[in-house]
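# Report on the structure
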Amino acid sequence: MAKTSIGGLSYKDVLASIKRREFVPVYLLMGEESFYIDVISDALADNVLAEEEKDFNQMLIYCTKETDVRNIINTAKRYPMMSEYQLVIVKEAQNLLKLDELTEYVQNPLNSTILVLCHKNGNVDRRKKLVAAVQRVGVVYESQKMKDSQLPGFITDYLSERNVKIDNSACMIMAEYIGSDLNRMVSELNKLIIAMPKDTDTITPELVERNIGISKEFNNWELKNAIVAKDVYKANQIVAYFNSNPKANPPFVTIPILFNLFASVMQAYYAPERSKQGIADYLGIQSWQVNELMTAMHNYSAMKTMQIIGKLRETDTKLKGVEKGNSSDADIMRELIYFILH
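## Things to note about the confidence of the model for the protein
With 97% of its residues at a pLDDT of at least 70, the protein reaches an overall mean of 90. Ignoring residues within four places in sequence, the model shows residues 1-7, a span with pLDDT below 50, making 21 contacts including any to other chains.

Below is the structure:
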């Protein structure tokens, strides 16, 4: 039976069906987030064929603008050799100039071929015949970019699957320092897992500091904490440290973190119920993440929050050179922090 993520199929649903060996003739994996596309295609590569079957029956095609769609179709039409299936994985399908020509094959695919189309950096236009054809016989999965608010959940889930815990502070440091590049995030988390002492099962801020190169005391996570708590001395101390090490602590990393903070605070003001659980449910975040929002709401009124968001937009524009005048980046950041805290 054909399935589609457009109707709500998650990557975990797709992985579960693969592990149950419930394969379909065609998988169209598309979207902005390459991580999940790679996870699903790797799962198919690991589960469809036994190792001794792969030499003759597993084909990996990397597409360029010169790749002929007809060659992909001809490959898909071959029959497997001494195996139930042939697996054809088409990487970088977004480079194909005539991608929709694959519709010819998808409308009448071989049940012995599993064709996997990996289309990164965007979606195939749903008005194309190809998408409708795949929906009828296979799986269409849309891999969406993860929101910053979802990163802590991703981190804890990824580590939990590997029987590893993470301290809340360490989790937020990783989320804000690494950001939504999930491939890089997983690489850094794996590095931390390897570096963990044998007598512990929890990743701590100290472990992050030693192995990821993030200062435990002077980082954007601590700056955000100081601003939330309206700790003027600590916030200015961190900004001074940032200004003395601009290459390691560039403003273009700090500004989005502070913007996301105050955007979340503004959203929290609109929550129908301003209890801890009410805000968590309204924003779709874990309850422990609400603590800083409630502290920020205590220290910053809705009007001040709105003014800060405007100031952050103005600061971002200045840092990009618009009406910057003779001010240095350090001057602009000091002015921003003063505005926020006073």
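On we go.
## With respect to unusual backbone geometry
Notably, asparagine 121 is not glycine yet its phi reads approximately 65°, a positive angle. Residue position: asparagine 121 is located in the loop between strand S5 (113-120) and helix H6 (129-137). You can call asparagine 121 exposed: its relative accessible area is 58%. At glutamate 323, a residue that is not glycine, the phi angle is positive and equals roughly 50°. As for its position among the elements, glutamate 323 is in the loop between helix H16 (302-319) and helix H17 (329-341). For glutamate 323, a relative accessible area of 73% gives the class exposed.

## Comments concerning the pairing of strand S6 (residues 139-143)
Within a regular strand, the side chains alternate between the two sheet faces. Within S6, five of the five residues are buried, which leaves it mostly tucked inside the rest of the structure. Neither face of S6 is exposed, since Val139, Tyr141 and Ser143 on one face and Val140 and Glu142 on the opposite face are all buried. Pairing analysis gives four bridges linking strand S2 (residues 26-31) to S6, with the strands arranged parallel. If you follow leucine 28 over to S6, its bridge partner there is valine 140.

## Section: the side chain of glutamate 33
Here glutamate 33 is to be found in the loop between S2 and helix H2 (34-47). Exposure remark for glutamate 33: the relative accessible area of 2% places this residue in the buried category. Looking at glutamate 33, its side chain comes within polar contact range of the main-chain nitrogen of phenylalanine 35, at 3.0 Å. If near-sequence neighbours (up to four positions away) are discounted, glutamate 33 is found in contact with Ser143, Gln144, Lys145, Met146, Ser180 and Leu182.

## Considering the packing of aromatic side chains
The final tally for this structure, using the stated rule, is seven aromatic pairs. Judged by centre distance (5.2 Å) and plane angle (75°), the ring pair of phenylalanine 35 and tyrosine 36 falls under edge-to-face. Residue phenylalanine 35 is classed as buried on the basis of its relative accessible area of 9%. Between the aromatic rings of tyrosine 241 and phenylalanine 242, the centroid separation amounts to 6.4 Å while the plane-to-plane angle is 55°, which identifies the pairing as tilted. For phenylalanine 242, a relative accessible area of 4% corresponds to the buried category. A network of ring pairs unites the aromatic residues Tyr11, Phe35, Tyr36, Phe154 and Tyr158 as a single cluster. One Lys or Arg, lysine 304, reaches over the ring of phenylalanine 339 and ends 4.2 Å from the middle of that ring.

## Observations regarding the nonpolar core
Formed by 53 residues in total, the largest nonpolar core has its most connected members in Tyr27, Ile155 and Ile203. Listed in part, the 37 residues of the second largest apolar core include Val228, Ile255, Leu283 and Leu312.

## A closer look at the environment of arginine 184
In this fold, arginine 184 is placed in helix H9 (residues 182-195). With 91 residues separating them along the chain, arginine 184 and alanine 93 place their C-alpha atoms 22 Å apart. Ignoring sequence-local partners within four residues, the contact set of arginine 184 consists of Tyr177 and Ile178.

## A closer look at the state of the cysteines
A full pass over the atoms with the stated rule returns zero disulfides. The thiol of cysteine 63 is unpaired, and the distance to the nearest cysteine sulfur, on cysteine 118, comes to 9.3 Å.

## What about helix H7 (residues 151-160)?
Burial runs high along H7: seven of the 10 residues are buried. When H7 is considered as a whole, its buried residues turn out to be Leu151, Pro152, Gly153, Phe154, Ile155, Tyr158 and Leu159. Those residues of H7 hidden inside the fold are in contact with H2, strand S7 (165-166), helix H8 (168-178), H9 and strand S8 (202-203).

## Quick look at the environment of methionine 174
Examined against the element boundaries, methionine 174 turns out to sit in helix H8. Each residue touching methionine 174, except ones within four places of it in the same chain, is listed here: Ile155, Gly179, Met185, Glu188, Leu189, Leu192, Val208 and Ile212.

## Here we look at a nonpolar patch on the surface
Side chains of Phe56, Met81 and Met82 sit close together on the surface and give an oily, nonpolar patch of about 390 Å² of accessible area. Of note, phenylalanine 56 is situated in helix H3 (residues 51-57).

## So, the packing of helix H13 (residues 251-269) against helix H14 (residues 276-283)
Packing of H13 against H14 leaves a shortest axis separation of 10 Å and a crossing angle of 110°. Of the possible angle classes, the one that applies to H13 and H14 is roughly perpendicular. With respect to the hand of their crossing, H13 and H14 are arranged in right-handed fashion. Touching Ser264, Gln267 and Ala268 of H13 are Ile279, Tyr282 and Leu283, all from H14.

About the cut-offs
- The written sequence of each chain sets the order in which its residues are numbered from 1.
- It should be noted that, the model being predicted, local features are given only for residues of pLDDT at least 70 and side-chain atom pairs only at 80 or more, the latter also being counted only at that level, while totals for whole chains, interfaces and linings use all residues.
- Values reported for side chains reflect all heavy atoms of the structure, with hydrogen atoms and water molecules removed beforehand.
- pLDDT is a per-residue confidence score from the predictor, ranging from 0 to 100.
- Should any heavy atoms of two residues lie within 4.5 Å, those residues are counted as being in contact.
- Elements are defined by DSSP. Helices are runs of H or I of four residues or more, strands are runs of E of two residues or more, and each kind is numbered from the N terminus.
- Burial classes: relative accessible area under 20% of the type maximum marks a residue as buried, over 50% as exposed, and values in between as partly exposed (1.4 Å probe, protein chains only).
- By this definition, two strands are paired if DSSP reports at least two bridges between them.
- Two N or O atoms form a polar contact when they lie within 3.5 Å of each other; inside protein one atom must be a possible hydrogen donor and the other a possible acceptor, and for residues adjacent in sequence the pair counts only when both atoms belong to side chains.
- Two rings from Phe, Tyr or Trp (for Trp, the six-membered ring) form a pair when their centres are within 6.5 Å of each other. A pair whose planes differ by under 30 degrees is stacked, one over 60 is edge-to-face, and the rest are tilted.
- Either the NZ atom of lysine or the CZ atom of arginine qualifies as a charge over a ring when it sits within 6 Å of the ring centre and within 35 degrees of the ring normal.
- Nonpolar core, defined: a set of buried Ala, Val, Leu, Ile, Met, Phe, Trp, Tyr and Cys residues in which side-chain atoms within 4.5 Å join the residues together.
- Count a disulfide wherever a pair of cysteine sulfur atoms falls within 2.5 Å.
- Exposure above 30% relative accessible area and no salt bridge define the residues that can form patches, which grow by joining like charges within 9 Å and nonpolar side chains of Val, Leu, Ile, Met, Phe, Trp and Tyr within 5 Å.
- For the accessible areas, the method is Shrake-Rupley and the probe is 1.4 Å, while residue cover comes only from the protein chains on display.
- By convention in these notes, a salt bridge is any Lys or Arg side-chain nitrogen within 4 Å of a carboxyl oxygen on Asp or Glu.
- Between N-to-C directions, angles span 0 to 180 degrees; the directions come from axes that are lines fitted to C-alpha atoms, helices contributing only their stretch in contact.
- Any angle between 65 and 115 degrees counts as roughly perpendicular, while under 35 counts as roughly parallel, over 145 as roughly antiparallel, and the rest as oblique.
- By definition, any crossing whose near helix is turned counterclockwise from its far helix by less than a right angle is left-handed, and any crossing with a clockwise turn is right-handed.

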